[in-house]
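Okay, here's what each chain looks like letter by letter:
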Amino acid sequence: EPVAETVTSPILKAHPDITIPQPLRNYIGGGLEAVSWKSIGGGAQQCLIPTVDDSQVRLLKIPPRQPVPEHTHGGRELTLVLAGSFSDEAGCFGPGDMEDVDETITHQPLAGAEEACICLAVTDAPLRFSGVLPRLFQPLIGI
């Protein structure tokens, strides 16, 4: 009887942490293990990615079942899910999904129950939080 061979992709061997796309890996110096997370409250963390314009690019890590404070936007926000999931009024978003919202949308994303939600968020204007406490802390956490 012939023995089935296991075929492995050299891409997976070369990049065991496929959660982080290669262009982003160049900015953070590797995979998730290289991210310099900074606490932003409620167990959530972020890592700011340098930009050459006024847009803000950040990796966000939101604990399971943790809501992000309700907010709207001063402009556009694109969010790409890299690991885990989140849901909001528009639906549920998992790895590879992208949500595109603007100033007409008010939402409160909620991380999925299974694992932390890690996503890449790009905004061209600051968020506008609905609650008083998030608005007070906004200048300190840089969102």
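Residues numbered from 1 in each chain as written. Predicted model: local features only at pLDDT ≥ 70, side-chain atom pairs only at ≥ 80, totals over all residues. Heavy atoms only, no water.

Novice: Quick rundown of the sheet that holds strand E3 (residues 56-62)? Include the residues and the values.
Specialist: Working definition: the strands of a sheet are paired by backbone hydrogen bonds and lie parallel or antiparallel to each other. On the basis of which strands lie adjacent, the open sheet formed by six strands has the order E1-E2-E3-E10-E5-E8 and antiparallel pairing. Of all the strands in the sheet, just strand E1 (38-41) and strand E8 (98-101) have a single pairing partner and so form its edges. Sheet twist, expressed as the mean angle between neighbouring strand axes with direction ignored, is 25 degrees. Of the pairings in the sheet, the one linking strand E5 (residues 77-83) to E8 comprises four bridges and is antiparallel in character. For Glu77, the partnering residue across the bridge sits in E8 and is Val101. (Pairing = 2+ DSSP bridges. Helix = DSSP H or I, 4+ residues; strand = E, 2+ residues; numbered from the N terminus. Axes fitted to C-alpha atoms, helices over the stretch in contact; angles between N-to-C directions.)

Novice: Could you give an account of the state of the cysteines, with specific residues and numbers?
Specialist: By the definition in use, this model includes zero disulfides. No disulfide involves Cys92; its sulfur sits 9.2 Å from the nearest other cysteine sulfur, which is in Cys117. For Cys92, a relative accessible area of 59% gives the class exposed. (Disulfide = S-S within 2.5 Å. Buried < 20%, exposed > 50% of the residue type's maximum accessible area, 1.4 Å probe, protein only.)

Novice: How would you summarise the sheet that holds strand E6 (residues 86-88) if you had to cite specific residues and measurements?
Specialist: If you walk across this open sheet you meet the three strands as E7-E6-E9, and the pairing is antiparallel. Every other strand in the sheet has two partners, leaving strand E7 (91-93) and strand E9 (110-111) as the edge strands with one partner each.

Novice: Give a detailed account of the packing of aromatic side chains, specifying residues and quantitative values.
Specialist: Two descriptors summarise a pair of aromatic rings, namely the distance from one centre to the other and the angle between the planes of the rings. Scanning the model with the defined rule gives one aromatic pair in all. Seen from their ring centres, Phe86 and Phe93 are 5.0 Å apart, and the 20 degrees between their planes marks the pair as stacked. For the pair formed by Phe86 and Phe93, the shared burial category is buried. (Phe/Tyr/Trp six-rings, centres within 6.5 Å; stacked < 30°, edge-to-face > 60°.)

Novice: How would you summarise the confidence of the model for the protein if you had to cite specific residues and measurements?
Specialist: Averaged over every residue, the pLDDT of the protein is 79; residues scoring 70 or more account for 76%. Counting interchain partners and residues more than four positions distant, the pLDDT-below-50 stretch residues 4-15 has four contacts. (pLDDT = per-residue confidence, 0-100. Contact = heavy atoms within 4.5 Å.)

Novice: For the pairing of strand E10 (residues 117-123), give the residues involved together with the corresponding values.
Specialist: Residues in a regular strand point their side chains to alternate faces of the sheet. The element E10 is extensively covered by neighbouring structure, given that six of its seven residues are classed as buried. Pairing analysis gives six bridges linking E5 to E10, with the strands arranged antiparallel. By the bridge assignment for E10, Thr79 is matched with Ala121.

Novice: Give a detailed account of the side chain of Glu99, specifying residues and quantitative values.
Specialist: Mapped onto the elements, Glu99 comes out in strand E8. The side chain of Glu99 is buried and forms no salt bridge, while Arg76, the nearest opposite charge, is found at 11 Å. Excluding its chain neighbours within four sequence positions, the residues that come into contact with Glu99 are Glu77, Leu78, Thr79, Phe86, Asp88, Ala90, Phe93 and His107. (Lys, Arg positive; Asp, Glu negative; His and termini not counted. Salt bridge = Lys/Arg side-chain N within 4 Å of Asp/Glu carboxyl O.)

Novice: So what's going on with the nonpolar core? Which residues, and what values?
Specialist: Burial of nonpolar side chains together is a common tendency in soluble globular proteins. Membership of the largest hydrophobic core comes to 13 residues, with the highest contact counts inside it found for Leu24, Leu59 and Leu82. Taken together, the elements giving at least two residues each to this core come down to helix H2 (22-28), strand E2 (44-49), E3, E5 and E10. Core analysis: the second largest hydrophobic core is formed by eleven residues, Ile40, Ile62, Phe93 and Cys117 among them. (Core = buried A, V, L, I, M, F, W, Y, C linked by side-chain atoms within 4.5 Å.)

Novice: Residues and numbers for a negative patch on the surface, please.
Specialist: A cluster of acidic residues, Asp53, Asp54, Glu103 and Asp124, forms a negative patch on the protein surface. Considering the arrangement of structural elements, one finds Asp53 in the loop between E2 and E3. (Patch = residues over 30% accessible without salt bridge, like charges linked within 9 Å, V, L, I, M, F, W, Y side chains within 5 Å. Areas by Shrake-Rupley, 256 points an atom, 1.4 Å probe, with all protein chains shown as cover. Charge placed at Lys NZ, Arg CZ, Asp CG, Glu CD.)

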